[in-house]
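# Breakdown of the fold
For reference, the chains in residue letters:
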Amino acid sequence: MSKEKDHETSSIASGSQPHVEFYDPSKESVWTRVGLTWESFKRAPGTTGGQVVVGANNVDDLEKIMADAPMLQQKMKPRHLTMIAVGGSIGTGLFVGSGSALAVGGPAGILIAWLLIGVMLINVTQAIGEISILYPISGGFYTWAVRFLDPSFAFAMGWNYVFQWAVALPLEITVAATTVNYWPNNVSFAVWITVFWMAILIVSIFGTLGFAEEEFWSSCLKLIVVVMFILIGIVCICGGGPDAGAYSHYIGGSNWQNPGAFANGFKGICAVFVTAAFSFSGTELVGLAASETPNPRASMPAAVKGTFWRITIIYVTSLTIIGLLVPYTEDRLTTGSGAGASPFVIALDYAQIKGLNHLLNATVCVSVLSIGLSCIYAGSRTLTALAETGYAPKIFAYVDKSSRPLWSVVAILLFAPLAYINLAPQGTVIFNWLIALSGLSVLFTWLSICLCHIRFRRAWKVQGHSLDELPFRAFGGVWGSWFGVVLIILVLIAQFYIAIWPVGGMLDSPGEVAETFFQAYLAFPVVIIFYMIGIIWKRALPQRAHQINLDSGRKSWYTAEEMNAVSEQFNFSERRSIDPT
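Per an unreviewed UniProt entry, the protein chain goes by Amino acid permease/ SLC12A domain-containing protein and derives from Leucocoprinus leucothites. If you open the UniProt record of the protein chain and go to Subcellular location (unreviewed entry), you find "Membrane".

Summing up its helical and strand segments, the protein chain has 23 helices and 0 strands in all. Based on the C-alpha atoms only, the size of the protein chain along its principal axes is roughly 75 × 55 × 50 Å. Out of the 581 residues in the protein chain, the part that is buried amounts to 59%. For the protein chain, the proportion of contacts with a sequence separation of at least 24, taken over those separated by at least 6, is 82%. Surface summary for the protein chain: the accessible area is close to 22,600 Å², and the carbon and sulfur share equals 66%. Separation of charge centres in the protein chain, based on 34 positive and 36 negative side chains, amounts to 3 Å.

Attention now goes to unusual backbone geometry. Look at the link from asparagine 258 to proline 259: it is a cis peptide, with omega at 20°. With respect to the helices, strands and loops of the structure, proline 259 is situated in the loop between α10 (254-257) and α11 (265-279). Even without being glycine, glutamine 352 reaches a positive phi, approximately 60°. Residue placement: glutamine 352 occurs in the loop between α15 (343-351) and α16 (356-388). Residue classification places glutamine 352 among the partly exposed residues on the basis of a relative accessible area of 45%. Residues other than glycine seldom take positive phi values, yet serine 403 does so here, at roughly 70°.

What follows concerns the packing of aromatic side chains. One pair of aromatic rings is described through two measures. These are the centre distance and the angle between the planes. Summed over the entire model, instances satisfying the criterion amount to 27 aromatic pairs. Taking 5.1 Å as the distance between ring centres and 40° as the angle between the ring planes, the aromatic pair formed by phenylalanine 155 and tyrosine 391 counts as tilted. Of this pair, phenylalanine 155 sits in helix α7 (residues 151-180) while tyrosine 391 sits in the loop between α16 and α17 (406-413), and the two are 236 residues apart along the sequence. Like phenylalanine 155, the residue tyrosine 391 is buried in the burial classification. Each residue in the set Phe155, Trp159, Phe163, Tyr391, Phe530 and Trp537 is aromatic and connected to the rest through ring pairs, giving one cluster. Between the NZ or CZ atom of arginine 332 and the centre of the ring of tyrosine 350, over which it lies, the distance is 5.6 Å.

Two elements in contact, helix α5 (residues 92-134) and helix α20 (residues 477-500), have axes whose closest approach is 9 Å; the angle formed by their N-to-C orientations is 135°. Here α5 lies oblique to α20, going by the angle between them. Handedness of the α5/α20 crossing: left-handed. Residues Leu116, Ile117, Val119, Met120, Asn123 and Ala127 of α5 form the contact with α20, whose own contacting residues are Gly480, Ser481, Phe483, Gly484, Leu487, Ile488 and Val491. Its residues placed into classes, the contact of α5 with α20 shows 9 nonpolar, 4 polar and no charged.

Summed over all chains, the structure comprises 12 salt bridges. In this structure, arginine 457 engages glutamate 130 in a salt bridge whose closest nitrogen and oxygen atoms are separated by 2.7 Å. Here arginine 457, found in helix α19 (residues 441-462), pairs with glutamate 130, found in helix α5; they are 327 residues apart in sequence, far enough to count as distant. You can call arginine 457 buried: its relative accessible area is 6%. One network of salt bridges, in which partners are shared, links Glu28, Glu39, Lys42 and Lys401.

Calculation notes
Residues numbered from 1 in each chain as written. Predicted model: local features only at pLDDT ≥ 70, side-chain atom pairs only at ≥ 80, totals over all residues. Heavy atoms only, no water. UniProt positions renumbered as here; feature names shortened; annotations may be inferred. Helix = DSSP H or I, 4+ residues; strand = E, 2+ residues; numbered from the N terminus. Buried < 20%, exposed > 50% of the residue type's maximum accessible area, 1.4 Å probe, protein only. Contact = heavy atoms within 4.5 Å. Areas by Shrake-Rupley, 256 points an atom, 1.4 Å probe, with all protein chains shown as cover. Lys, Arg positive; Asp, Glu negative; His and termini not counted. Charge placed at Lys NZ, Arg CZ, Asp CG, Glu CD. Phe/Tyr/Trp six-rings, centres within 6.5 Å; stacked < 30°, edge-to-face > 60°. Lys NZ or Arg CZ within 6 Å of the ring centre and 35° of its normal. Axes fitted to C-alpha atoms, helices over the stretch in contact; angles between N-to-C directions. Parallel < 35°, antiparallel > 145°, perpendicular 65-115°, else oblique. Left-handed = near helix turned anticlockwise from the far one by under 90°. Nonpolar A, V, L, I, M, F, W, Y, C, P; charged D, E, K, R; others polar. Salt bridge = Lys/Arg side-chain N within 4 Å of Asp/Glu carboxyl O.

In structure tokens, the structure reads:
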């Protein structure tokens, strides 16, 4: 089975069955392809059929398999996918949110929370890799939930995921505007909100390619700065900082001893789980991006591996350094705003290393913009998939010649002006309630991915398939997904506990108790309501394992013998682990 044969199947089929018509974007002008002409806004006449189909000699109708593909074009390159996985979600959660988490959980508390969520996410991304390589379909994990789980649950999860990113967009714009105010200026806060909104709008015009290139270069910047901070942090801990700073002498683990390793004991650890989950939001984007890369079988394994390195090097190491450099009693962790509350910036202020705090603040600003673009990408792709499956108005299924899900992108962009709410006297209160609507959304998304993997494996086995037919296998198998399910449920229980008995004790007023609870847990009843709406609206029931459609959107048709031969030929290291299930 040669590489040439695999790639031949990705070309536009012709000859035997000419009734299938594919759209060839290369016939358009370069300006249309990048989205800068009026022509680019017209509806794409069909799918490009540009995804690689392997094992084509085992299918009866190759053109039908090629035509069963997303309307979105395959513009992403392996380097884009890898950097989205490695650095795409590094942003507010790590640079800023870790500060309040440190104040609540202490240095040991944030390490425990981030490690547990990180280990769970490694299993989630492995499950994403296994399914998305086989089924690189529009909507990714939302569409999997429709097929493998329950359409009504998928409806609830999908809309909650859309709202998560729609509300996160004005949040990120607000944080970006606040970050700029780290540098003294006389520009109105409203002006900065408008500037960042326009910046996101301009990049969005370039569609998938604009998002992919921005993510690649911003991820490179974030990784370089974080690695630089880690190296500087190690030197400072060992006493190599400037004489004028706080790290001119060896400090070691003194902050773990005084004020201590835990800020609020077990309750503090429970309280930072959701902050940790928020910081990892966007890790699952590789599941959506798989449909926009021509050969997920070649590019996804490296992207999935990247998650492990991001968790171990970027998050765990940097948070360990932060816990050693900054005491959790530092006032700015809770009273500061924007980058002023970032433990990274605070540590560099302590060190008195001139200029680096400004570099880090600029990186925070770029990171926030990057996450803002991720909001557009993730929200619009999921909304388009909802429309394609009949759970959203059909207008959102519109994909133009530049591969933009046009009206879905517009719909998410229209949430950006909510950032102006912060200018009103009660704006913060209103904004907090909007955020509460989707505060736990990412946990439900990860839960659905794990459940989809479990159900997929069951259907795959029941319908007589062998695991050797899979082009990529999650190293933890279904046990890894079950671990993810259990841990997510435990995190939801921990959040419920904190919602009722917050750090500092239960409030005296019943009204304040109710307000605190729903601001922390409002997303859960919202998902239940959406689930009930889905049941009433479509009256669709989950399918039995033998009824699940395993062929639609499938792009790997090798037999077990052929797959083993290909794996041996190309030395796919991802298949080294043996799954006992």
